Structure formats: structure tokens, C-alpha cells
Amino acid sequence: MTRTEEFQELRPLLFSIAYRILGSVSEAEDAVQEAWLRFEGAAAEPRSVKAYLSATVTRICVDVLRSARVRREEYVGPWFPEPLLADPYEDPARAAELADSVSMAALLLLERLSPLERAVFVLREVFDFGYPEIASAVGRSEAACRQLVVRARRHMAAGRPRFDADRKERQELAARFFDALREGDVAGLRDLLAADVSLVGDGGGKAPQLARAVMGADNVARLLASVLPRMARIDVSFEPHELNGQPGAVFRDRDGRVLHTLALDVLDGRIQAIRLVINPDKLAHLGPVADAWEISRELKRAPRG
């Protein structure tokens, strides 16, 4: 195989590693491209192309994550990862771990970790790399990497439990949710929401967003049931779509441009959280982006009845 062919074969894995470390589709794609440039320019052929490229993209991502810390600390409002429609890497033996690790909830938990902890956790717990490979990737001893994994596991375990609903159950609950959403059915929505459900939006100061999180099944159900029918009147539509391995939807304006995404966390047969990504910078990889400010103005003029 040529270097180009070897790289293209490994690209899905490299992107999946990079996205989990960075939480950004655009930054992950940039990291993978930079890894290719380094591989292309390397004088010697590595003993293992997979190990070389995985280590290279990991180091790039750790550097990017360190430089991004200040930007994220200064971010306006809640910060969510960029929505991912489909994970390009597949491994039937680790399908459950892969799906769980790319969820919005899991990526937000990863934000608690240091860049090195995040990198070694992703390589070990998600992709099952051996400690010698991990040590080479992050420039630490195997013993240090084991300690980093232990600390990362502890931080992750302190967060919310993993999803225990099977795929079919999540899909059925999501279908009922979106049916109730279309109909503006307050009672139907309320029955599907956890008592302490939260509705949170990420606009990054670049799009209209909720002033604060909306909490509680009744409040969230009433808000959704009042807003969605009005959005339909100005020709905003949505299409259910899996996002980050979980049920979700992509909302579009009358011209088909992306307005925002909506992702659902499902646990114990109820929707625990609803997350909206409205920041246009985080939607550009999905296609042309709508003018959320104009949609907001139209929405205010739309009749409520």
C-alpha cells in the first residue's frame, strides 16, 4: 500500500480519536490533516503506521486542547461539543463503548479532565490501546499513563451514569417525543421527561439562546409545546437524526439551512436532558447555516394561537 492508501484506511480511526479528545468536528479534521502532512513528510517508514499516526494525532490534539482552554473559559454561556451526525469509525467488538463515548453527556464529562488525562482515557478506555502505545503517544512512562487512566476513570465515575437504555428503547421514546413535539402536546411531552429534566442551549453569544437553563418536566414541556408550533408557522422544520450516538434532530429554515440541533439524553426510560447547539460556528460542517437572529425576529412576530 502507498502512504496515501494507508492513511485513508486509518482516517476514520484518527478522526474518531481526535473528535473525542477535542469535542470539535472542525478541529478534529484539522488535526487529522496535520497528522497526514507529518506522515507524508516523514523520511523513514514507521514500523507501525497505525501506532505512528495515532500517536501523532493524539499529540496534536493535546496541544490544541491546551491552547483551547482559555477560549473555553471565556466562552459565552454553556459550552457543548460540535454535533456529530455519524462516527466514521466502526468496531463491532466495541460498538457499545464507541457509541457511549461519543455522546454529548460523555464528552461533557471528558471536559473535567486535563488534556493528558483525556487523551490517555480515550486511547485506553474507548479504543483499547496498549499502555506501551499510549506512553509513546503522550510522551510519558507506562506507569504514569496507568495513573492518568486511574484518575480519569475516577473523574468520569463521579459524573452521571452511563446510558442503560438499549438502542431500540431510545429510538421508540424519541419517536414519541418528536410526535408530541410536532403536535404541541404538553401532556404527551411531560410524560416522556424526567422530573428534573433540563433544557439548555449553546449559542456562544453568536445566536439567540435561552437566558438560563429551563428545569423541570412541566416547564420544559410547556416551553417546547408553545414554541414549536410557532416555528412551524414560519416554515421551520426538523428531521429526527441520530446525533453523537443518541436520538436527536436537525432543525432547518424554509430554505433548508441548518438552524440548530437538538440532542436527547435518555436514561431510565425518560429524557434526562435536552441540549440545543445554536452557535453557527458549530453547525457549519452540517451545511449552509440559517440566520438565527432573523428567525428569532420572525418567531416573535408569529401568532401564538
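Here, the structure is the one placed above.
Before going into details, it helps to say that this report is about the structure given with it. In this text the structure is predicted, and so the values were computed from the model without any measurement.

## Let's talk about the packing of aromatic side chains
One pass over the full model with this rule turns up 8 aromatic pairs. Ring-pair connections join several aromatic residues into one group, and the members of that group are Phe7, Trp36, Phe39 and Tyr52. Just above the ring of Phe39 sits the side chain of Arg3; from NZ or CZ to the centre is 5.1 Å. The cationic tip of Lys50 hangs over the ring face of Phe129; the distance from NZ or CZ to the ring centre is 5.5 Å.

## Remarks on the side chain of Arg275
In this fold, Arg275 is placed in strand E6 (residues 270-277). By relative accessible area, Arg275 is classed as buried at 12%. Here the side chain of Arg275 touches Asp265 through a polar contact of 2.6 Å, side chain to side chain.

## Digging into the packing of helix H1 (residues 3-22) against helix H2 (residues 25-41)
Across the interface, H1 lies against H2 with an axial gap of 8 Å and an inter-helix angle of 140°. As for the relative orientation of H1 and H2, their crossing is right-handed in sense. Across from Arg3, Thr4, Glu6, Phe7, Arg11, Leu14, Phe15, Ala18, Tyr19 and Leu22 in H1, the residues of H2 making contact are Val25, Glu27, Ala28, Glu29, Ala31, Val32, Gln33, Trp36, Phe39 and Glu40. Class assignment for the residues of the contact of H1 with H2 results in 12 nonpolar, 2 polar and 6 charged.

## Considering the packing of helix H6 (residues 115-126) against helix H7 (residues 131-138)
In contact at an axis separation of 10 Å, H6 and H7 are set at 150° when each is read in the N-to-C sense. What the angle tells us is that H6 and H7 run roughly antiparallel. Taken as a pair, H6 and H7 cross one another with a handedness that is right-handed. Residues Leu116, Ala119, Val120, Leu123 and Arg124 of H6 pack against Tyr131, Ile134, Ala137 and Val138 of H7. Across the contact of H6 with H7, the residue classes tally to 8 nonpolar, no polar and 1 charged.

## Structural notes on the layout of surface pockets
If you add up the space inside the largest pocket, you get close to 700 Å³. Every residue lining the largest pocket is counted, 25 residues in all, and those nearest its centre are Pro208, Gln209, Leu210, Val227 and Leu299. Residue assignment for the lining of the largest pocket shows that the elements contributing at least two residues are helix H11 (217-233), strand E5 (258-267) and helix H12 (292-301). In terms of residue count, H12 provides more of the lining of the largest pocket than any other element does, 7 residues in total. The residue inventory of the lining of the largest pocket, partitioned by class, reads 18 nonpolar, 3 polar and 4 charged.

What counts and what doesn't
- Residues numbered from 1 in each chain as written.
- Predicted model: local features only at pLDDT ≥ 70, side-chain atom pairs only at ≥ 80, totals over all residues.
- Heavy atoms only, no water.
- Phe/Tyr/Trp six-rings, centres within 6.5 Å; stacked < 30°, edge-to-face > 60°.
- Lys NZ or Arg CZ within 6 Å of the ring centre and 35° of its normal.
- Helix = DSSP H or I, 4+ residues; strand = E, 2+ residues; numbered from the N terminus.
- Buried < 20%, exposed > 50% of the residue type's maximum accessible area, 1.4 Å probe, protein only.
- Polar contact = N/O pair within 3.5 Å; in protein donor to acceptor, adjacent residues only side chain to side chain.
- Axes fitted to C-alpha atoms, helices over the stretch in contact; angles between N-to-C directions.
- Left-handed = near helix turned anticlockwise from the far one by under 90°.
- Contact = heavy atoms within 4.5 Å.
- Nonpolar A, V, L, I, M, F, W, Y, C, P; charged D, E, K, R; others polar.
- Parallel < 35°, antiparallel > 145°, perpendicular 65-115°, else oblique.
- 1 Å grid on protein atoms, 1.4 Å probe; cavity = no way out; pocket = protein on both sides within 12 Å on 5 of 7 lines; lining within 4 Å.
- Points joined across faces, edges and corners; volume = space filled by probe spheres on them.

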